[in-house]
Amino acid sequence: MRINYIITLMLTLFMFGTVLAQTGQVFDNLTLSSKILSGERKFAIYLPPDYTSSSRSYPVLYLLHGGGDDQTGWIQFGEVLHIADKAINEGSATPMIIVMPDANTGRRGYYNDIRGDWNYEDFFFQELMPYVEKTYRIKGEKRYRAVAGLSMGGGGTFMYALHHPELFSSACPLSASVGSLTVEDLKQRLARSEITGISDEKINSYFQQHNAVNLVENMPDEQRDDVRWFIDCGEDDFLYEGNSLVHIAMKKPEIDHEYRVRDGRHSWTYWRASLPVVLSFISDAFHQY
C-alpha cells in the first residue's frame with residue numbers, strides 16, 4: 001500500500017509541476033495594413049505564458065529573421081516558443097512579448113531602399129512598432145524594448161539600434177551582415193542587383209548610413225552608453241570579418257559591449273544556442289539592473 005501511495009504522490013506532483021510550467025502562445029500569420037509599403041504586412045508574435053491570465057504590460061523584443069526566411073523563421077527553425085517558455089519558467093528571462101516581422105515579401109531587407117521607393121525601416125518605426133505596442137500590452141519605454149536578429153536580421157539590429165539608440169535598451173546582432181564594407185563593395189552589390197542611375201554622392205551617403213563600422217566610428221560621445229550590446233558570431237561564419245571589425249571599432253572608444261565568438265557556422269544550430277543567452281541578456285535591462 002505504501003508503494004502505491006508513493007507512486008500516486010509522485011504522479012500527482014509531476015502533473016502539478018506540468019500545470020505550473022505553463023506555455024506561451026505563438027501567432028504566426030498576423031497582418032497590418034501599411035501605407036508606406038502599400039499593402040498588407042505580415043508579422044508573428046510570441047505571448048508569454050501568463051499573458052492571458054494577467055492584466056499587466058510586458059517588455060518587448062523585436063526579433064528579426066534572416067534572408068530567405070520570413071516572420072515564421074524564428075518559430076519554425078529557431079524554436080522560439082520552446083526556448084522562451086523554458087527561459088521564462090526557469091527564471092533566466094523575464095516574461096516578455098516577442099515580435100517577429102516579415103521582411104521577405106515584396107523586397108527583402110530591413111532598410112529603406114536606396115531608390116527611395118521601398119522604405120521598410122520607415123514602416124518598422126512609423127507603422128509596425130506603434131501598431132503592436134498599441135494592440136498588445138507592451139511597455140512603451142526605452143528601458144523595456146530590445147532588438148535582436150540573425151544574419152540579415154542582425155544587420156537590421158545594428159541599423160535600428162544605431163539609427164535609434166533612444167528607443168532600445170539592448171541590441172543583440174547574431175552572425176550579422178554589417179553592410180558593405182567599402183563603397184566599392186556597395187557599388188558592386190547594386191550592379192549585381194541591376195540597380196543603376198544612382199549618383200556617387202547618393203551611394204556614399206547611403207554607405208555611411210548603412211555600414212555598422214562607419215556608424216560606430218562616428219557615434220557621438222553622448223550616445224556611447226545608450227544601448228547595451230551583445231554581439232555573437234561563429235568563428236567559422238562567413239560574416240565573421242564584419243562582426244570582428246565592429247567589435248574593434250567599439251573597443252577603440254571603449255563602447256561597452258559583449259562580443260562572443262563560439263565554435264560554429266552560419267546555421268540555426270548556432271542561433272538556437274544563442275537565443276537563451278540573448279533572452280537573459282536583455283532581461284537584465286528589463287529588470288532595471
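Residues numbered from 1 in each chain as written. Predicted model: local features only at pLDDT ≥ 70, side-chain atom pairs only at ≥ 80, totals over all residues. Heavy atoms only, no water.

Within the protein one finds 10 helices and eight strands. For the C-alpha atoms alone, the extent of the protein along its principal axes is close to 85 × 40 × 35 Å. By the burial criterion, 51% of the 289 residues in the protein qualify as buried. Expressed as a percentage of contacts within the protein between residues at least 6 apart in sequence, the contacts between residues at least 24 apart total 75%. Of the roughly 14,300 Å² that the protein leaves accessible, carbon and sulfur atoms contribute 51%. (Helix = DSSP H or I, 4+ residues; strand = E, 2+ residues; numbered from the N terminus. Buried < 20%, exposed > 50% of the residue type's maximum accessible area, 1.4 Å probe, protein only. Contact = heavy atoms within 4.5 Å. Areas by Shrake-Rupley, 256 points an atom, 1.4 Å probe, with all protein chains shown as cover.)

The buried fraction of strand β5 (residues 145-150) amounts to six of the six residues, a majority that puts the element mostly inside the structure. Side chains Arg 145, Val 147 and Gly 149 of β5 all project onto a buried face; the interleaved residues Ala 146, Ala 148 and Leu 150 project onto the opposite face, where all are buried too. As judged from the five bridges shared by strand β3 (residues 60-64) and β5, these two strands associate in the parallel manner. The residue bridging Val 60 from the neighbouring strand is Arg 145, located in β5. In the classification by handedness, the crossover that spans β5, the intervening helix α5 (residues 152-163) and the parallel strand β6 (residues 170-174) is right-handed. (Pairing = 2+ DSSP bridges. Right-handed = clockwise from strand over helix to strand, strands pointing away.)

Where nonpolar side chains cluster on the molecular surface, the patch consists of Leu 181, Leu 245 and Ile 248 and spans about 210 Å² of accessible area. The exposure class of Leu 181 is partly exposed, given its relative accessible area of 31%. (Patch = residues over 30% accessible without salt bridge, like charges linked within 9 Å, V, L, I, M, F, W, Y side chains within 5 Å. Salt bridge = Lys/Arg side-chain N within 4 Å of Asp/Glu carboxyl O.)

Axis separation between helix α6 (residues 183-192) and helix α7 (residues 200-209) bottoms out at 10 Å; the angle between their running directions is 110°. When the axis of α6 is compared with that of α7, the two are roughly perpendicular. Two packed elements cross with a definite hand, and for α6 against α7 that hand is right-handed. Counting all contacts with α6, which are made through Val 183, Leu 186, Lys 187, Arg 189 and Leu 190, the residues of α7 involved are Asp 200, Ile 203, Asn 204, Tyr 206 and Phe 207. Among the residues making up the contact of α6 with α7, the classes are represented as six nonpolar, one polar and three charged. (Axes fitted to C-alpha atoms, helices over the stretch in contact; angles between N-to-C directions. Parallel < 35°, antiparallel > 145°, perpendicular 65-115°, else oblique. Left-handed = near helix turned anticlockwise from the far one by under 90°. Nonpolar A, V, L, I, M, F, W, Y, C, P; charged D, E, K, R; others polar.)

Across the sheet, eight strands lie side by side as β1-β2-β4-β3-β5-β6-β7-β8; this open sheet has mixed pairing. Since the sheet does not close on itself, it has two edges, and those belong to β1 (25-34) and β8 (257-260), each with one partner. Strand-to-strand twist of the sheet, defined as the mean angle between neighbouring strand axes without regard to direction, takes the value 20°. Here eight bridges tie β1 to strand β2 (residues 39-47), and the two strands are oriented antiparallel to one another. By the bridge assignment, Gln 25 is partnered in β2 with Leu 47.

Hairpin connection from β1 to β2: four residues lie between these consecutive antiparallel strands, with Ser 38 at a positive phi of about 55°. Pairing of β2 with strand β4 (residues 97-101) involves four bridges; the strand directions are antiparallel. Its bridge partner being in β4, Ile 45 is matched across the sheet by Val 99.

All right, on to α7 then. Of all the positions in α7, only Ile 203, Tyr 206 and Phe 207 are classed as buried. Along the axis of α7, the buried residues cluster in a sector spanning 100°; they form a single face. Among the structural elements, α6 are those in contact with the buried residues of α7. (Arc of directions from axis to C-beta.)

A word on the nonpolar core. With 48 residues, the main nonpolar core has Ile 97, Phe 124 and Phe 158 as its most contacted residues. Those elements that place two or more of their residues in this core are β2, β3, β4, α4 (120-135), α5, α8 (212-217), β7 (228-232) and α9 (240-251). Here this core gets seven residues from one element, more than from any other, and that element is α4. Ignoring any residue separated from it by four or fewer positions in sequence, one finds Ile 97 in contact with Ile 45, Tyr 46, Leu 47, Pro 48, Tyr 51, Tyr 58, Pro 59, Val 60, Leu 61, Tyr 136, Arg 137 and Ile 138. Formed by 30 residues, the second largest nonpolar core is a distinct cluster that contains Ala 44, Tyr 46, Ala 87 and Phe 281. (Core = buried A, V, L, I, M, F, W, Y, C linked by side-chain atoms within 4.5 Å.)

A word on the state of the cysteines. Applying the stated criterion across every chain, the model contains zero disulfides. Its sulfur unpaired, Cys 172 is 14 Å from the next cysteine sulfur, which belongs to Cys 233. By relative accessible area, which is 0% here, Cys 172 ends up buried. (Disulfide = S-S within 2.5 Å.)

On to the packing of aromatic side chains, then. The full count for this structure, using the stated rule, is 15 aromatic pairs. Measuring from centroid to centroid gives 6.1 Å for Phe 43 and Tyr 131, while their planes differ by 75°, and the two rings are edge-to-face. Here Tyr 131 lies in helix α4 and Phe 43 lies in strand β2, a separation of 88 residues in the sequence. Among the aromatic side chains, those forming a connected cluster through ring pairs are Tyr 62, Tyr 110, Tyr 120, Phe 123, Phe 124, Phe 125, Tyr 160 and Phe 168. Lying over the aromatic face of Phe 123, Arg 41 brings its terminal NZ or CZ to 6.0 Å of the ring centre. (Phe/Tyr/Trp six-rings, centres within 6.5 Å; stacked < 30°, edge-to-face > 60°. Lys NZ or Arg CZ within 6 Å of the ring centre and 35° of its normal.)

All we've got here are geometric facts, nothing functional implied.
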